[in-house]
Amino acid sequence: QVIRGDMPGNEPEIACKNLVEDCSVLGGAFKDGNVPVARRKRILSNPARCKEYSFDCETVYTFEFYQNLFDASSYSLDLGFTKIGCSKVLAGQPIQWLGKMRDGRYLWSFQIW
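Presented here is a report on the structure given in the accompanying data block.

Definitions and cut-offs
Residues numbered from 1 in each chain as written. Predicted model: local features only at pLDDT ≥ 70, side-chain atom pairs only at ≥ 80, totals over all residues. Heavy atoms only, no water. Phe/Tyr/Trp six-rings, centres within 6.5 Å; stacked < 30°, edge-to-face > 60°. Helix = DSSP H or I, 4+ residues; strand = E, 2+ residues; numbered from the N terminus. Buried < 20%, exposed > 50% of the residue type's maximum accessible area, 1.4 Å probe, protein only. Core = buried A, V, L, I, M, F, W, Y, C linked by side-chain atoms within 4.5 Å. Contact = heavy atoms within 4.5 Å. 1 Å grid on protein atoms, 1.4 Å probe; cavity = no way out; pocket = protein on both sides within 12 Å on 5 of 7 lines; lining within 4 Å. Points joined across faces, edges and corners; volume = space filled by probe spheres on them. Nonpolar A, V, L, I, M, F, W, Y, C, P; charged D, E, K, R; others polar.

**Description of the packing of aromatic side chains**
Moving on, step 1. Here the structure, examined in full by the defined rule, presents five aromatic pairs.
Moving on, step 2. Judged by centre distance (4.7 Å) and plane angle (85°), the ring pair of F55 and Y61 falls under edge-to-face.
Moving on, step 3. Here F70 and Y75 contribute two aromatic rings whose centre-to-centre distance is 5.5 Å and whose plane-to-plane angle is 80°, an arrangement assigned as edge-to-face.
Moving on, step 4. Within the aromatic cluster, the residues linked to one another by ring pairs are F55, Y61 and F63.

**Some remarks on unusual backbone geometry**
Moving on, step 1. Positioned with a positive phi, Y75 is a non-glycine residue whose angle comes to about 50°.
Moving on, step 2. Tracing the backbone through its elements, the reader meets Y75 in the loop between β3 (70-71) and β4 (76-78).
Moving on, step 3. Its relative accessible area of 10% is what places Y75 among the buried residues.
Moving on, step 4. Its identity is not glycine, yet A91 carries a phi of approximately 50°, on the positive side.
Moving on, step 5. Along the chain, the position of A91 falls in the loop between α3 (87-90) and β6 (95-100).

**A look at the nonpolar core**
Moving on, step 1. I3, C23, L26, F30, V35, I43 and Y53 form the largest nonpolar core, which has seven residues in total.
Moving on, step 2. When near neighbours in sequence (up to four residues on either side) are disregarded, I3 contacts E21, D22, C23, R40, T62 and F63.

**Focus on the layout of surface pockets**
Moving on, step 1. A volume near 1100 Å³ is recorded for the largest pocket.
Moving on, step 2. What lines the largest pocket is a set of 27 residues, and nearest its centre among them are I14, Y61, T62, F63 and G99.
Moving on, step 3. Contributions of two or more residues to the lining of the largest pocket are made by β2 (60-64), β6 and β7 (106-112).
Moving on, step 4. Looking at side-chain class alone, the lining of the largest pocket contains 15 nonpolar, six polar and six charged residues.

This is the structure we're talking about:
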């Protein structure tokens, strides 16, 4: 899972195969841009720490996650050597994929039940 923030015009190509993490736009612990993914996850999963950070509407955020591993027919993550079921973890909630424009309009939005 990768997160990065860039100024408009400096964002990576959407089809980039090797997206590099860069959360320096968030400032604070991320200001130097060399925070490992595991540390970013620890910081942003801690309610006391993550309240120091916010997203803005001027920055272009790019997120890469495991959508390519999700098998909608079995509602599981297919890792190749094993499948991890998502139903129990999500407790009946759908998985949602969406994309939005800066002005708030949706490019797409769908839920998978």
